[in-house]
Amino acid sequence: MTMNINSTTNIASSLSAGGGRFSFPEIHFLEILLAVVVFVIIHALRQEKHQGLPYWPFLGMLPSLMGGLQSDMYEWITGVLCRQNGTFTFKGPWFTNLNCVVTSDPRNLEHLLKTKFPIFPKGEYFRDTVRDLLGDGIFSADDDTWQRQRKTASIEFHSAKFRHLTTDSLKELVHARLLPVLEDAAKKFLPIDLQDVLLRLTFDNVCMIAFGVDPGCLRPGLPEIPFAKAFEDATEATLLRFVTPTLIWKTLRFLNLGFERNLKQSIRGVDEFADEVIRTRKKELSLASSEEDSKKQRSDLLTVFMGLKDENGHPFSDKFLRDICVNFILAGRDTSSVALTWFFWLLDRNPLVEERILAEICRIISERQGAAKEESEINPFIFRPEEVKKMDYLQAALSEALRLYPSVPVDHKEIVEDDVFPDGTVLKKGTKIIYAIYAMGRMEGIWGKDCKEYKPERWLREGRFMSESAYKFTAFNGGPRLCLGKDFAYYQMKFAAASILLRYRVKVAPRHPVQPKLALTMYMKHGLKVELSRRPRSDLPLPIPNCYCFGVK
């Protein structure tokens, strides 16, 4: 009883001293704040164990994403997926649309790319994000628009006339432009950015195929071509939209600020080039009225689509024609050039692989007979299509480069009805799906414990190249959207790589930094500076008859 009276007296004294206000002198506001912060941090870190990344109030997983953007984004995603057994859900800030499911599980890829293909379109979010650049082209289109373009392009891609166009234009570009540019660098003992050179090669090649025009990027002096520069800048700016809340980038676009201003200017450059080509081609076709002229008619994609009608029986609009060609340039330009760039870097680090490629090339050359030898005494050695087809080890080495460094490191889908992935992940209608192709090449569960090693032999069976499932090796996509140009991409890469390796030693410049660039396709951030030197015949694993001329026109 005495204790109660004393306690009451002390409380009363505190109230009296405080002027009637109740206070806790021992507890301060900062201590309460610190306790709350500690609680939030502990809670967020506990979420990392279950969800793959810390989850913060209001911000979601955005802080981790920003950290990934500052380092190597693709390795960051790979690390999260490895910890989460191949699939995790990314939760963006509250009131944003950055939420998505990220997966690298081959079972899930087969499910969304093939088994349930109709309910996994590119989706409105993807189309809205890339529409300013790609419009309604095949890369972003869905449903009837996509099917119509793919069917037409598929027929053209498999025609003999189109195959001759692609192989002849490639042969001309490699021997009349690529090799002379490399020869000039070798003679002057100057390092050269091989990535830039290869991008110019494939850009000229795909423009010939898509537009039927030669932009002339790959020429001595490597001039800057406004259309090529505008196209590259536009793809880079478009990617930034995917890591920026939609409300923010749309506001920037409305106000013409930041990267949206650069995107608008770049797209204007792309449109000006495309519009001029379309106008010129229409005029050219209107003059080609005779039967003799029609026989000489071009077989590029632009000309083919100009001769077709839409579902209402009307000619396609100039806007639609522009979208088709820009999409095919995006698809055809980067796959080969980016893959070749990483391929040459990997060869520099794996000289034994280069020796085996050279041995294969020399064996194929030695099998030439009769007229081919006589022809080679006069003209520089040019590989024939049937010889390129025999290069199994080279194709394995290129595929291994694509496995580790896919040209398109991530891709996007959106589900239109509730579903469940084979791994048990629940998907609600409208969920965005990111499938991480780069991460797949580094998953032990897919490729084994040596998954990070460069081993072309994993693609060979008794010395012959054997392709893998498109849902395990997704560099060319899979299912109904399997890349139409896959065969030509391999031919283009093999022809260019064999032509270079036969003539030159390619060594990466000392201390040159190599890391991927954050873009729609996985360029090297700093290019690939290499030093070239003529390859002596003594450097070749097998003796080559002296009748063969490996000179440059």
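Report follows, based on the coordinates.

Reading guide: rules and limits
Residues numbered from 1 in each chain as written. Predicted model: local features only at pLDDT ≥ 70, side-chain atom pairs only at ≥ 80, totals over all residues. Heavy atoms only, no water. Helix = DSSP H or I, 4+ residues; strand = E, 2+ residues; numbered from the N terminus. Expected span 1.5 Å × (residues − 1). Buried < 20%, exposed > 50% of the residue type's maximum accessible area, 1.4 Å probe, protein only. Arc of directions from axis to C-beta. Contact = heavy atoms within 4.5 Å. Pairing = 2+ DSSP bridges. Axes fitted to C-alpha atoms, helices over the stretch in contact; angles between N-to-C directions. Parallel < 35°, antiparallel > 145°, perpendicular 65-115°, else oblique. Nonpolar A, V, L, I, M, F, W, Y, C, P; charged D, E, K, R; others polar. Salt bridge = Lys/Arg side-chain N within 4 Å of Asp/Glu carboxyl O. 1 Å grid on protein atoms, 1.4 Å probe; cavity = no way out; pocket = protein on both sides within 12 Å on 5 of 7 lines; lining within 4 Å. Points joined across faces, edges and corners; volume = space filled by probe spheres on them.

### Some thoughts on helix 7 (residues 143-157)
In this model helix 7 runs 21 Å from its N-terminal to its C-terminal C-alpha over 15 residues, within 8% of the 21 Å that 1.5 Å per residue would give. Along helix 7, the residues that are buried comprise W146, Q149, R150, T152, A153, E156 and F157. Projected down its long axis, helix 7 shows its buried positions confined to an angular sector of 170°, all on one face. In helix 7, the exposed residues that point more than 90 degrees away from the buried face are D143, D144, K151 and I155. Residues of helix 7 that are buried make contact with helix 8 (160-188), helix 14 (301-306) and helix 15 (318-349).

### Points about the pairing of strand 2 (residues 100-103)
Looking along a regular strand, one sees side chains alternate from face to face of the sheet. Residues C100 and V102 point to one face of strand 2 and V101 and T103 to the other, with burial holding for every one of them. Relative to strand 2, strand 1 (residues 87-90) is paired through 4 bridges, and the arrangement is antiparallel. Across the sheet, F90 pairs through a bridge with C100, a residue of strand 2. Pairing analysis gives 3 bridges linking strand 2 to strand 7 (residues 432-436), with the strands arranged parallel. Residue pairing for strand 7: V102 is matched across the bridge by I434.

### Let's talk about the sheet that holds strand 3 (residues 192-193)
The strand order across the open sheet formed by 3 strands is 3-11-10, and the pairing between neighbours is antiparallel. Only two strands of the sheet have a single partner each, and these edge strands are strand 3 and strand 10 (504-508). Bridging between strand 10 and strand 11 (residues 529-534) involves 5 bridges; their strand directions are antiparallel. From the neighbouring strand, V508 faces strand 11, where its bridge partner is V530. The sheet strands contacting helix 22 (residues 486-503) are strand 10 and strand 11, and the helix crosses strand 10 at an angle near 100°.

### Observations concerning the packing of helix 10 (residues 226-242) against helix 15
Relative to each other, helix 10 and helix 15 sit at 85°, their axes nearing to 12 Å. One finds that helix 10 runs roughly perpendicular with respect to helix 15. Contacts from F227, F231, E232 and T235 in helix 10 reach V326, I329, L330 and R333 in helix 15. Per-class residue counts for the contact of helix 10 with helix 15 are 5 nonpolar, 1 polar and 2 charged.

### A short note on the packing of helix 16 (residues 351-366) against helix 22
Running from amino to carboxyl end, helix 16 crosses helix 22 at an angle of 95°, the nearest separation of the two axes being 10 Å. It follows that helix 16 is roughly perpendicular to helix 22 by the angle criterion. On helix 22, the residues touching E354, I357, L358, I361 and I365 of helix 16 are A498, L501 and L502. Across the contact of helix 16 with helix 22, the residue classes tally to 7 nonpolar, no polar and 1 charged.

### Looking at helix 12 (residues 258-287)
The first and last C-alpha atoms of helix 12 sit 45 Å apart over 30 residues, in line with the 44 Å expected at 1.5 Å per residue. Turning to helix 12, its buried residues are F259, E260, L263, S266, I267, V270, F273, A274, V277, I278 and R281. Residues of helix 12 that are buried make contact with helix 6 (123-134), helix 10, helix 11 (246-255), helix 14 and helix 15.

### Some remarks on the pattern of salt bridges
Following the criterion strictly, the structure yields 40 salt bridges and no others. Measuring nitrogen to oxygen at the nearest pair gives 2.4 Å for the salt bridge that ties D142 to R127. Of this pair, D142 sits in the loop between helix 6 and helix 7 while R127 sits in helix 6, and the two are 15 residues apart along the sequence. In terms of burial, D142 and R127 fall into one category: buried. The partner of E444 in a salt bridge is K449, with the nearest N and O atoms 3.7 Å apart. The class for E444 is partly exposed, based on a relative accessible area of 47%. You can call K449 exposed: its relative accessible area is 74%. Among the charged side chains, a salt-bridge network with shared partners connects E124, R127, D128, R131, D142, K250 and R481.

### Digging into the layout of surface pockets
Picture a little ball the size of a water molecule; that probe, rolled over the atoms, points out where space is still empty. A volume near 620 Å³ is recorded for the largest pocket. R163, T167, D487, F488 and Y491 are, among the 21 residues lining the largest pocket, the residues nearest its centre. Considering each element in turn, the lining of the largest pocket owes the most residues, 6 residues, to helix 8. When grouped by side-chain class, the residues that make up the lining of the largest pocket number 9 nonpolar, 5 polar and 7 charged. Estimated volume of the second largest pocket: approximately 360 Å³. Together, 22 residues line the second largest pocket, and D196, L199, K229, E232 and R333 are the ones closest to its centre. Put simply, the parts of the chain that give the lining of the second largest pocket at least two residues each are helix 9 (194-210) and helix 10. When the residues that make up the lining of the second largest pocket are grouped by side-chain class, the tally is 8 nonpolar, 3 polar and 11 charged.

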